[in-house]
Amino acid sequence: METALTLNFLFKVALASIFGCLVGYERQSRRKPAGIKTHALICLGACAITFLSKHFSIYADPSRIAAQIVSGIGFIGAGTIFIAHHRVQGLTSAATVWASASVGMLVGAGYEFLGFLTVASLQ
């Protein structure tokens, strides 16, 4: 049982990392602030935490941890937004960081195909 859970976890974080790399590649190729590594790490982290929350306890509410991921990533995304010469910049980077986290959450929760569809729609 423990081996199956470990292999399932490894599959999910690997897939989430790949999905994050795909989103990050598009941003990095446009020379935007958040690139491959950032998106891969955010997607992987959201996946791992969602997986943990799902398997943590049969009595725990996994939606509570998911809500914290959403607000925490919003805080990170806010750090990519700045104002220069009376123009707001970084909104798209913030949005893709947030979307990458949602992909990781989908994969971590067991909805790999929905994660794939989300990545495809971001391209």
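Scroll up to find the structure this text is about.
About the criteria used
Residues numbered from 1 in each chain as written. Predicted model: local features only at pLDDT ≥ 70, side-chain atom pairs only at ≥ 80, totals over all residues. Heavy atoms only, no water. Helix = DSSP H or I, 4+ residues; strand = E, 2+ residues; numbered from the N terminus. Expected span 1.5 Å × (residues − 1). Buried < 20%, exposed > 50% of the residue type's maximum accessible area, 1.4 Å probe, protein only. Arc of directions from axis to C-beta. Phe/Tyr/Trp six-rings, centres within 6.5 Å; stacked < 30°, edge-to-face > 60°.

A. Examining helix α3 (residues 62-78) more closely. Helix length check: α3 (17 residues) gives 25 Å between terminal C-alpha atoms against 24 Å at 1.5 Å per residue, within 8%. Regarding α3, the residues found buried are I69, I73 and G77. One face of α3 carries all of its buried residues, which in axial projection span an arc of 65°. Those residues of α3 that are exposed and aimed more than 90 degrees away from the buried face are R64, Q68 and F75.

B. Highlighting the packing of aromatic side chains. If you walk through the whole model with that rule in mind, you get three aromatic pairs. Between F19 and F116 the ring centres are 6.3 Å apart and the planes differ by 45°, which places this aromatic pair in the tilted class. Of this pair, F19 sits in helix α1 (residues 2-29) while F116 sits in helix α5 (residues 112-122), placing them 97 residues apart in sequence. Residue F116 is classed as partly exposed on the basis of its relative accessible area, which comes to 42%. Ring pairing ties together the aromatic residues F19, F113 and F116, which thus form one cluster.

It is worth stressing that arrangement in space is one thing and function is another; only the former is reported here.
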